[in-house]
Amino acid sequence: MADFTADFCDTFPDKVSVLGPGYSNYGGAPVCQGEVVTLRLDRNNSDLITLLRDEDGHGKVVVVDSDQAYYAIVGENLMKFAQASGYAGIIVNGYIRDTFQIKDIPVALYALGTCSRKYIPVTQGERDIAVSFGGVEFRPGDHVYTDTDGVIVTAEPLSQGSL
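Computed from a prediction, not measured in an experiment: that's the story for all the values here.

### What about the overall build of the protein?
The helix and strand tally for the protein stands at four helices and 14 strands. Projected onto the principal axes, the alpha-carbon positions of the protein cover approximately 50 × 30 × 30 Å. A buried classification covers 47% of the 163 residues belonging to the protein. Partitioning the contacts of the protein with sequence separation of at least 6, the portion at a separation of at least 24 is 73%. Accessible surface, the protein: about 7,600 Å² in total, of which carbon and sulfur atoms supply 47%.

### Side note on the nonpolar core
In terms of nonpolar packing, the biggest core is built from 22 residues, with Leu-48, Val-74, Ile-90 and Val-92 touching the most fellow members. Where this core is concerned, the elements lending two or more residues are β3 (32-40), α2 (46-54), β4 (60-65), β5 (72-74), α3 (76-85), β6 (89-93) and β8 (108-111). The residues contacting Val-92, other than those within four sequence positions of it, are Tyr-23, Val-64, Ser-66, Ile-73, Val-74, Leu-109, Tyr-110, Ala-111 and Leu-112. If you look at the next biggest cluster of nonpolar residues, it comprises 17 residues, including Ala-29, Val-63, Ala-108 and Val-144.

### Topic: the side chain of Ser-66
Mapped onto the elements of the fold, Ser-66 is located in the loop between β4 and β5. Given a relative accessible area of 3%, Ser-66 falls into the buried group. Here Ser-66 is in contact with Leu-41, Ile-73, Val-92, Asn-93 and Gly-94, once residues within four sequence places are set aside.

### Quick look at the sheet that holds strand β7 (residues 95-96)
Spatial strand order, β5-β7-β9: three strands in an open sheet with parallel pairing. Bordering the open sheet on either side are β5 and β9 (113-114), each of which pairs with just one other strand.

### Some points on α2
Every buried residue of α2 is accounted for by Leu-48, Leu-51 and Leu-52. Buried residues in α2, looked at end-on, bunch into an arc of 90°, giving them a common side.

### Overview of the state of the cysteines
Per the counting criterion, the structure on display carries zero disulfides. This cysteine, Cys-9, is not joined by any disulfide, and Cys-32 carries the nearest cysteine sulfur, 15 Å off. For Cys-9, a relative accessible area of 24% gives the class partly exposed.

### Considering the side chain of Asp-142
Counting through the fold element by element, Asp-142 comes out in the loop between β12 (136-138) and β13 (143-147). Exposure remark for Asp-142: the relative accessible area of 4% places this residue in the buried category. Those residues within four positions of Asp-142 in sequence are excluded, and the remaining contacts are Gly-34, Glu-35, Val-36, Glu-137, Val-153, Thr-154 and Ala-155.

### Section: unusual backbone geometry
Even without being glycine, Arg-43 reaches a positive phi, approximately 70°. Structurally, Arg-43 is set in the loop between β3 and α2. For Asp-67, which is not glycine, the phi dihedral falls at a positive 55°.

### Points about the packing of aromatic side chains
Tallied over the entire structure, the rule returns six aromatic pairs. Taking the centre distance of 6.1 Å and the plane angle of 45° together, the rings of Phe-8 and Phe-12 count as tilted. You can call Phe-8 buried: its relative accessible area is 0%. Among the aromatic residues, those joined into a cluster by ring pairs are Phe-8, Phe-12 and Tyr-145. Sitting above the plane of the Tyr-71 ring, Arg-117 keeps its charged end 4.3 Å from the centroid.

Rules behind the numbers
- Residues numbered from 1 in each chain as written.
- Predicted model: local features only at pLDDT ≥ 70, side-chain atom pairs only at ≥ 80, totals over all residues.
- Heavy atoms only, no water.
- Helix = DSSP H or I, 4+ residues; strand = E, 2+ residues; numbered from the N terminus.
- Buried < 20%, exposed > 50% of the residue type's maximum accessible area, 1.4 Å probe, protein only.
- Contact = heavy atoms within 4.5 Å.
- Areas by Shrake-Rupley, 256 points an atom, 1.4 Å probe, with all protein chains shown as cover.
- Core = buried A, V, L, I, M, F, W, Y, C linked by side-chain atoms within 4.5 Å.
- Pairing = 2+ DSSP bridges.
- Arc of directions from axis to C-beta.
- Disulfide = S-S within 2.5 Å.
- Phe/Tyr/Trp six-rings, centres within 6.5 Å; stacked < 30°, edge-to-face > 60°.
- Lys NZ or Arg CZ within 6 Å of the ring centre and 35° of its normal.

See below:
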(Lines give C-alpha, C1' and ligand atoms only; values in the text may rest on other atoms or scores of the structure.)
Protein backbone atom coordinates (compact mmCIF):
# COMPACT_ATOMS: atom_id res chain seq x y z
CA MET A 1 0.00 0.00 0.00
CA ALA A 2 1.73 3.17 -1.20
CA ASP A 3 -1.01 5.61 -0.14
CA PHE A 4 -1.15 7.03 3.37
CA THR A 5 -4.15 8.26 5.35
CA ALA A 6 -2.64 11.74 5.78
CA ASP A 7 -2.19 12.07 2.00
CA PHE A 8 -5.80 11.04 1.41
CA CYS A 9 -7.00 13.55 4.01
CA ASP A 10 -4.99 16.33 2.31
CA THR A 11 -6.01 15.40 -1.23
CA PHE A 12 -9.66 14.45 -0.63
CA PRO A 13 -10.76 16.46 2.46
CA ASP A 14 -14.44 16.35 1.49
CA LYS A 15 -14.45 12.59 0.78
CA VAL A 16 -12.86 11.15 3.92
CA SER A 17 -14.04 10.73 7.50
CA VAL A 18 -11.45 10.15 10.23
CA LEU A 19 -12.08 7.72 13.09
CA GLY A 20 -11.81 9.59 16.39
CA PRO A 21 -9.13 9.10 19.05
CA GLY A 22 -8.71 6.11 21.32
CA TYR A 23 -8.44 3.28 18.78
CA SER A 24 -5.10 1.45 18.57
CA ASN A 25 -3.82 -1.27 16.26
CA TYR A 26 -3.07 -4.51 18.13
CA GLY A 27 -2.67 -6.70 15.04
CA GLY A 28 0.44 -7.69 13.14
CA ALA A 29 -0.30 -5.63 10.00
CA PRO A 30 0.66 -1.94 10.33
CA VAL A 31 -1.59 -0.95 7.41
CA CYS A 32 -4.69 -2.25 5.69
CA GLN A 33 -7.36 -1.23 3.25
CA GLY A 34 -10.53 -2.77 1.96
CA GLU A 35 -14.27 -2.78 1.49
CA VAL A 36 -16.31 -2.47 4.68
CA VAL A 37 -18.36 -5.36 6.03
CA THR A 38 -20.37 -4.33 9.10
CA LEU A 39 -21.60 -6.24 12.11
CA ARG A 40 -23.34 -5.02 15.28
CA LEU A 41 -22.93 -7.36 18.26
CA ASP A 42 -24.53 -7.61 21.69
CA ARG A 43 -21.39 -8.61 23.62
CA ASN A 44 -21.18 -12.16 22.21
CA ASN A 45 -18.97 -12.72 19.15
CA SER A 46 -20.49 -15.92 17.68
CA ASP A 47 -21.71 -14.09 14.53
CA LEU A 48 -18.22 -12.67 14.03
CA ILE A 49 -16.69 -16.13 14.39
CA THR A 50 -18.95 -17.43 11.61
CA LEU A 51 -18.12 -14.49 9.34
CA LEU A 52 -14.34 -14.69 9.80
CA ARG A 53 -14.19 -18.48 9.62
CA ASP A 54 -16.60 -19.17 6.78
CA GLU A 55 -16.50 -16.25 4.32
CA ASP A 56 -13.85 -15.07 1.86
CA GLY A 57 -12.39 -11.85 3.22
CA HIS A 58 -9.99 -10.86 0.46
CA GLY A 59 -10.15 -7.10 -0.03
CA LYS A 60 -12.37 -6.61 3.03
CA VAL A 61 -12.22 -4.98 6.46
CA VAL A 62 -14.75 -6.01 9.12
CA VAL A 63 -16.17 -3.17 11.21
CA VAL A 64 -17.72 -4.39 14.46
CA ASP A 65 -19.84 -2.27 16.80
CA SER A 66 -20.22 -3.81 20.25
CA ASP A 67 -21.23 -0.47 21.79
CA GLN A 68 -18.01 -0.45 23.82
CA ALA A 69 -19.24 -3.27 26.06
CA TYR A 70 -16.37 -4.32 28.32
CA TYR A 71 -15.93 -7.83 26.92
CA ALA A 72 -13.33 -9.15 24.48
CA ILE A 73 -14.75 -9.37 20.96
CA VAL A 74 -11.60 -10.58 19.15
CA GLY A 75 -8.76 -12.78 20.34
CA GLU A 76 -6.21 -15.21 18.97
CA ASN A 77 -8.66 -17.70 17.42
CA LEU A 78 -10.65 -15.05 15.55
CA MET A 79 -7.46 -13.44 14.27
CA LYS A 80 -6.36 -16.83 12.93
CA PHE A 81 -9.73 -17.20 11.17
CA ALA A 82 -9.38 -13.68 9.72
CA GLN A 83 -5.90 -14.46 8.41
CA ALA A 84 -6.94 -17.80 6.92
CA SER A 85 -9.94 -16.20 5.16
CA GLY A 86 -7.88 -13.30 3.81
CA TYR A 87 -9.36 -10.35 5.74
CA ALA A 88 -7.16 -7.25 5.70
CA GLY A 89 -8.34 -5.94 9.05
CA ILE A 90 -10.89 -5.67 11.82
CA ILE A 91 -12.04 -2.48 13.54
CA VAL A 92 -13.82 -3.02 16.87
CA ASN A 93 -15.80 -0.42 18.78
CA GLY A 94 -14.89 -2.31 21.90
CA TYR A 95 -12.18 -4.52 23.33
CA ILE A 96 -9.94 -7.44 22.40
CA ARG A 97 -7.66 -9.95 24.16
CA ASP A 98 -4.70 -12.27 23.54
CA THR A 99 -2.51 -9.32 22.52
CA PHE A 100 0.71 -11.28 22.97
CA GLN A 101 -0.50 -14.07 20.67
CA ILE A 102 -1.95 -11.80 17.96
CA LYS A 103 0.83 -9.25 17.57
CA ASP A 104 2.45 -11.33 14.81
CA ILE A 105 -0.72 -12.31 12.91
CA PRO A 106 -0.63 -10.19 9.72
CA VAL A 107 -4.11 -8.69 10.06
CA ALA A 108 -4.74 -5.13 11.33
CA LEU A 109 -6.88 -5.04 14.50
CA TYR A 110 -8.07 -1.69 15.79
CA ALA A 111 -9.84 -1.54 19.16
CA LEU A 112 -10.29 0.69 22.20
CA GLY A 113 -8.25 -1.54 24.49
CA THR A 114 -8.05 -4.96 26.10
CA CYS A 115 -10.27 -7.06 28.35
CA SER A 116 -9.52 -10.61 29.49
CA ARG A 117 -13.10 -11.87 29.65
CA LYS A 118 -15.46 -12.81 26.85
CA TYR A 119 -19.26 -12.96 26.89
CA ILE A 120 -20.39 -16.58 26.88
CA PRO A 121 -24.19 -16.58 26.31
CA VAL A 122 -24.94 -16.46 22.57
CA THR A 123 -26.77 -13.33 21.44
CA GLN A 124 -27.91 -12.38 17.94
CA GLY A 125 -26.02 -9.77 15.94
CA GLU A 126 -27.02 -7.62 12.97
CA ARG A 127 -25.08 -7.70 9.72
CA ASP A 128 -24.67 -5.33 6.78
CA ILE A 129 -26.17 -2.30 8.49
CA ALA A 130 -24.75 1.19 9.00
CA VAL A 131 -22.87 1.50 12.30
CA SER A 132 -21.60 4.72 13.85
CA PHE A 133 -18.82 5.25 16.38
CA GLY A 134 -15.74 7.39 16.83
CA GLY A 135 -17.43 10.20 14.90
CA VAL A 136 -17.70 8.08 11.74
CA GLU A 137 -20.53 6.23 10.04
CA PHE A 138 -19.45 2.96 8.42
CA ARG A 139 -21.75 1.59 5.72
CA PRO A 140 -21.46 -1.77 3.94
CA GLY A 141 -19.49 -1.19 0.76
CA ASP A 142 -17.58 1.86 2.07
CA HIS A 143 -13.79 1.71 1.94
CA VAL A 144 -11.39 1.83 4.87
CA TYR A 145 -7.73 2.82 4.82
CA THR A 146 -5.52 2.45 7.90
CA ASP A 147 -1.90 3.12 8.73
CA THR A 148 0.16 4.14 11.72
CA ASP A 149 -1.56 7.56 11.74
CA GLY A 150 -5.10 6.23 12.01
CA VAL A 151 -8.23 5.07 10.24
CA ILE A 152 -10.21 6.81 7.49
CA VAL A 153 -13.39 5.80 5.68
CA THR A 154 -14.68 6.84 2.27
CA ALA A 155 -17.79 6.07 0.23
CA GLU A 156 -15.69 4.98 -2.75
CA PRO A 157 -12.13 3.74 -3.33
CA LEU A 158 -9.43 6.40 -3.48
CA SER A 159 -6.05 6.39 -5.19
CA GLN A 160 -3.27 8.97 -5.17
CA GLY A 161 -2.36 7.70 -8.65
CA SER A 162 -5.62 9.05 -10.06
CA LEU A 163 -4.64 12.69 -9.41
